[in-house]
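# Structural features, examined
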Amino acid sequence: MDPRLAALLQLLELERLEVNLFRGASRDIGSPQVYGGQVLGQALKAAYATVEPDRVAHSMHAYFLLRGDFNAPIVYFVDRSRDGHSFTSRRVTAIQHGEQIFHMSASFQVPQPGLEHQMAKPDVPDPEALPDPAAPASEAVERLPVSMRRFAQAHPFEYRLVEPLVAAAPRAAAPLQHLWIRAIDRLPDDDVLHRCLFAYVSDFHLLGTAVRPHAQEFLAGRLRLASIDHAMWFHRPVRIDEWLLCAMDSPSASGSRGFARASVFTRDGVLVGSTAQEGLLRLIEAPGQPAPASRPLR
């Protein structure tokens, strides 16, 4: 397995401290705080560790409370809210330096047959027909603010964007994006692992969709961005090592907040998941002055 992907799988391996208490390592990916997807993936993995193996995650709803410190581990406390006949509910609290930085509710279900329908996959080019926006020589990446340059770093996923990065077309654009994504190597046939990795990548580019109409402010360093909340629904089994299309839009930005959502399809057009996020989209007077790591952005 590619060492970059192996390192991510290691990051999702939590140490059990007590029956409902787990500890996870943190990793610096080039952003000023712990990447939100890391906390989402680890929190879901902690919840899974307290659930019967016949149940699968079908939804999760989370709030980011404080900036995470990637120089310190994160402790996850799982509250076993309910174990029902078909559904299981868990609440996970992430703690760092004695403070709550994140909490999440997740629901699990015994798989059951039922009525089915889904929306159609958008008609977009295949990933092979699109350039790699994360190439180290990409001028668009070099124009991004420092906190957003993780695209140029070695990472365990590859991307193909139908629309160009904001930095490649620095003018107001429609709040729409289509992103192909997959892991850079084959993964084990482990449904829990694929759902946790799906949670990990669900934070990529989502809030950026709300930034597209405000490209000039973003590239001038006049926007402060931070995830506020995040929701996911797992409609069908997913493999994160096969190409997935994220069809994203941002219906609204107001009150220093931007809202974005995504429908995620397999290459064959199967809708495997949906995600939504509201994030801070605050204009600042003095660019280049990040908030202290010990304080919330909100």
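Look up: the structure comes first, before these words.
Summarised in this report is the structure supplied together with it. (Residues numbered from 1 in each chain as written. Predicted model: local features only at pLDDT ≥ 70, side-chain atom pairs only at ≥ 80, totals over all residues. Heavy atoms only, no water.)

### Concerning the layout of surface pockets
Within this model, the second largest pocket holds a volume of roughly 480 Å³. Considering the residues around the second largest pocket, the lining is formed by 19 residues, among which Q109, Q112, F234, H235 and R236 are closest to the centre. At the level of secondary structure, the elements contributing two or more residues to the lining of the second largest pocket comprise β3 (56–64) and β9 (223–234). Residue composition of the lining of the second largest pocket, grouped by class: nine nonpolar, seven polar and three charged. (1 Å grid on protein atoms, 1.4 Å probe; cavity = no way out; pocket = protein on both sides within 12 Å on 5 of 7 lines; lining within 4 Å. Points joined across faces, edges and corners; volume = space filled by probe spheres on them. Helix = DSSP H or I, 4+ residues; strand = E, 2+ residues; numbered from the N terminus. Nonpolar A, V, L, I, M, F, W, Y, C, P; charged D, E, K, R; others polar.)

### A look at the packing of helix α2 (residues 36–48) against helix α4 (residues 191–201)
α4 packs onto α2 with a crossing angle of 150 degrees between their chain directions and a minimal axis gap of 7 Å. With respect to each other, α2 and α4 are oriented roughly antiparallel. Of the two elements, α2 crosses α4, and the hand of that crossing is right-handed. Two secondary-structure elements touch here, α2 through G37, Q38, L40, G41, L44, K45 and Y48 and α4 through D191, V192, R195, C196, A199 and Y200. Looking at the contact of α2 with α4 residue by residue, the class counts come to seven nonpolar, three polar and three charged. (Axes fitted to C-alpha atoms, helices over the stretch in contact; angles between N-to-C directions. Parallel < 35°, antiparallel > 145°, perpendicular 65-115°, else oblique. Left-handed = near helix turned anticlockwise from the far one by under 90°. Contact = heavy atoms within 4.5 Å.)

### Looking at the packing of aromatic side chains
Under the criterion given, the structure shown has eight aromatic pairs. Geometrically, the ring pair formed by Y35 and F204 is stacked, given 4.9 Å between the ring centres and 15 degrees between the ring planes. With Y35 in the loop between β2 (21–24) and α2 and F204 in the loop between α4 and α5 (206–211), the pair connects residues that are 169 residues apart, well separated along the chain. The residues Y35 and F204 share a single accessibility class, namely buried. Measuring from centroid to centroid gives 6.2 Å for Y200 and F204, while their planes differ by 90 degrees, and the two rings are edge-to-face. In this structure, Y200 and F204 share a single accessibility class: buried. (Phe/Tyr/Trp six-rings, centres within 6.5 Å; stacked < 30°, edge-to-face > 60°. Buried < 20%, exposed > 50% of the residue type's maximum accessible area, 1.4 Å probe, protein only.)

### Let's talk about the sheet that holds strand β1 (residues 15–18)
As summarised here, the arrangement of the 12 strands in space is β1-β2-β4-β5-β6-β3-β9-β12-β11-β10-β8-β7, forming an open sheet in which the pairing is antiparallel. Either end of the sheet is taken by a strand with one partner, and the two such strands are β1 and β7 (157–161). The mean angle between the axes of side-by-side strands here comes to 25 degrees, regardless of whether they run parallel or antiparallel. (Pairing = 2+ DSSP bridges.)

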